[in-house]
Amino acid sequence: MRTAVIGTIDGDGLVVADVLDDGALAVTRALPEVREPSFLHLAGGTLYAVNELPEGTVTALDPADLTVRRTRPTLGAQPTHLTTHAGHLVVAHYLDGTVGAHPLAADGTPGESTTRLRHEGAEPHAHQVLPDPSGRWLISVDLGSDAVHTHRITDGTLTAHARLDLPPGLGPRHLAFHGDRAHIVGELRPELVAADWDAATGTFTPAWTLPLPAGNQPAEIVLSPDGRFAYATLRGDNTVAVVDLEHREVVQAVPVGGDWPRHCALDGTHLYVANQRSHSVTRLPWNPATGLLSEPVGETRVRGASMVAFLD
């Protein structure tokens, strides 16, 4: 039986579910000791969760039995995202606009935070961190400074390298790579921005911008494995926008069957959507050949659902 883990905000902690043969999720238990686990990351035999608190922490768990290995203070305010890079667990903090890093032990547990930096700008809000496709650079998306930052970790120290300034008021939230092309979704203005990535220099060059359906606050962007389609959750009309990236057009806006969709994840033949305000995870059939979605076929009740991840 496959296992899914569901992050929550103002919920019951980390929620665990079985993935049934038809793709449905059946909740089996909750781990309230993992507080406010709004975002999750599985890497190197460890499951990591941010604990989105005013005084942030991170929790490392054993994915085999979901026992807690260690919880560490991040020394930042309201962590919202995390990743692993260059032997470190890296955390983005929304409230104070900082990115911090914890060296990882051989068993994947994070040590104390040893290096951090604050994004430049009047009111930075770091919202996402991820490695670039080459693994050489650390990318940080900042909603407050309307920029995507390139950093590196050298001799255990985070240093700023370059930044891509985006149109003021976009509020970039998350980014997804396919090869040397990055796709950035704006939260404050519903737009999708494409940028070309140069791993040799660690810099982006803007390519094109596409409006998404108006009146929304986009949250998450994921790409189809072949890179032909992007899927963006839209808080407002509660849909997922399906974007044909080759033709640069929105080809669908499919109701998610819930309220305030945050994270979404493709798995098998479904797109799973975490709906925070309706306290649900819904699943939408996905056609890998056409890239299109169908309306939801099932719902799993999870209080404050914010993210879905699969432990395989």
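Because the structure is a prediction, the values reported are computed rather than measured.

Novice: Looking at this structure, I do not really get the overall build of the protein chain. What am I missing?
Specialist: From N to C terminus, the protein chain includes zero helices and 28 strands. With the C-alpha coordinates aligned to their principal axes, the bounding extent of the protein chain is approximately 50 × 45 × 30 Å. Expressed as a percentage of its 312 residues, the buried residues of the protein chain come to 59%. With an accessible surface of roughly 12000 Å², the protein chain has 50% of that area assigned to carbon and sulfur atoms. Between the averaged position of the 22 positive side-chain charges in the protein chain and that of its 37 negative side-chain charges there is a distance of 3 Å.

Novice: Please clarify how the environment of leucine 223 should be interpreted in this entry.
Specialist: Relative to the helices and strands, leucine 223 resides in strand β20 (residues 217–223). Separated by 20 residues in sequence, leucine 223 and valine 243 have C-alpha atoms that sit 9.4 Å apart. If near-sequence neighbours (up to four positions away) are discounted, leucine 223 is found in contact with Ala176, Phe177, His178, His183, Phe229, Ala230, Leu245 and Leu266.

Novice: Sorry, what's going on with the sheet that holds strand β9 (residues 88–93) here?
Specialist: In sheet architecture, strand pairing relies on hydrogen bonds along the backbone and comes in two forms, parallel and antiparallel. If you trace the four strands from one edge of the open sheet to the other, you get β8-β9-β10-β11, paired in antiparallel fashion. Every interior strand has two partners, whereas the edge strands, β8 (79–85) and β11 (115–118), have only one. With strand direction ignored, the average angle separating the axes of adjacent strands in the sheet is 20°. In terms of strand pairing, strand β10 (residues 98–103) meets β11 through four bridges, oriented antiparallel. When the sheet's bridge partners are listed, glycine 100 is paired in β11 with arginine 116.

Novice: It is not clear to me how the pattern of salt bridges should be interpreted in this structure. Could you clarify?
Specialist: For side chains of opposite charge, pairing can occur when their charged atoms come near one another. Following the criterion strictly, the structure yields 14 salt bridges and no others. Where arginine 283 meets aspartate 22, a salt bridge forms, and the shortest distance between an N and an O atom there is 3.8 Å. One end of the pair, arginine 283, is in strand β26 (residues 280–285); the other, aspartate 22, is in the loop between β2 (14–19) and β3 (25–31), and 261 residues separate them in sequence. Note that arginine 228 and aspartate 226 form a salt bridge whose closest N and O atoms lie 2.7 Å from each other. Taken together, the salt bridges that share partners define one network made up of Arg2, Asp267 and Asp312.

Novice: What should I look at first to understand the sheet that holds strand β21 (residues 229–235) in this one?
Specialist: Read across the open sheet, the four strands follow the order β20-β21-β22-β23; overall the sheet is antiparallel. Either end of the sheet is taken by a strand with one partner, and the two such strands are β20 and β23 (249–255). When strand polarity is set aside, the average angle formed by the axes of neighbouring strands in this sheet is 25°.

Novice: I tried to follow the side chain of threonine 115 on my own but got confused; where do I start?
Specialist: Along the chain, threonine 115 falls in strand β11. Overall, threonine 115 belongs to the buried group, its relative accessible area being 7%. A polar atom in the side chain of threonine 115 sits 2.8 Å from the backbone nitrogen of leucine 158. With sequence-adjacent residues up to four places away left out, threonine 115 is seen in contact with Val99, Gly100, Ala101, Gly156, Thr157 and Leu158.

Novice: Please clarify how the pairing of strand β12 (residues 126–131) should be interpreted in this entry.
Specialist: The buried count for β12 comes to five of six residues, which makes it a mostly enclosed element. In this sheet, strand β13 (residues 138–142) lies alongside β12 in antiparallel orientation, the contact comprising five bridges. Pairing of valine 129 across the sheet is with serine 140, part of β13. Hairpin connection of β12 to β13: six residues between the antiparallel strands, including glycine 135 at a positive phi of 80°.

Novice: Any chance you could explain the nonpolar core here in plain terms?
Specialist: The nonpolar side chains of a soluble globular protein tend to be buried, and buried together. Ranked by size, the top nonpolar core spans 22 residues in total, and within it Val5, Leu14, Leu40, Leu47, Leu66 and Leu82 carry the most contacts. Secondary structure elements with two or more residues in this core: β2, β4 (40–43), β5 (46–51), β6 (57–61), β9 and β28 (305–310). Judged by nonpolar contacts, the second largest core, of 17 residues, contains Val141, Leu175, Phe177 and Phe204.

Novice: Before we go on, may I ask you to explain the packing of aromatic side chains in this structure?
Specialist: How two aromatic rings sit relative to each other is given by the distance of their centres and the angle of their planes. Summed over the entire model, instances satisfying the criterion amount to four aromatic pairs. Seen from their ring centres, phenylalanine 177 and tryptophan 197 are 6.1 Å apart, and the 65° between their planes marks the pair as edge-to-face. With phenylalanine 177 in strand β16 (residues 172–178) and tryptophan 197 in strand β18 (residues 191–198), this pair connects stretches of sequence that are 20 residues apart. In this pair, the class of phenylalanine 177 matches that of tryptophan 197, namely buried. Ring geometry for tyrosine 272 against phenylalanine 310: centres 5.1 Å apart, planes inclined by 65°, an arrangement best described as edge-to-face. With a gap of 38 residues between them, tyrosine 272 in strand β25 (residues 270–275) and phenylalanine 310 in strand β28 connect regions that are remote in the sequence.

Each value, and the rule that gives it
Residues numbered from 1 in each chain as written. Predicted model: local features only at pLDDT ≥ 70, side-chain atom pairs only at ≥ 80, totals over all residues. Heavy atoms only, no water. Helix = DSSP H or I, 4+ residues; strand = E, 2+ residues; numbered from the N terminus. Buried < 20%, exposed > 50% of the residue type's maximum accessible area, 1.4 Å probe, protein only. Areas by Shrake-Rupley, 256 points an atom, 1.4 Å probe, with all protein chains shown as cover. Lys, Arg positive; Asp, Glu negative; His and termini not counted. Charge placed at Lys NZ, Arg CZ, Asp CG, Glu CD. Contact = heavy atoms within 4.5 Å. Pairing = 2+ DSSP bridges. Axes fitted to C-alpha atoms, helices over the stretch in contact; angles between N-to-C directions. Salt bridge = Lys/Arg side-chain N within 4 Å of Asp/Glu carboxyl O. Polar contact = N/O pair within 3.5 Å; in protein donor to acceptor, adjacent residues only side chain to side chain. Core = buried A, V, L, I, M, F, W, Y, C linked by side-chain atoms within 4.5 Å. Phe/Tyr/Trp six-rings, centres within 6.5 Å; stacked < 30°, edge-to-face > 60°.

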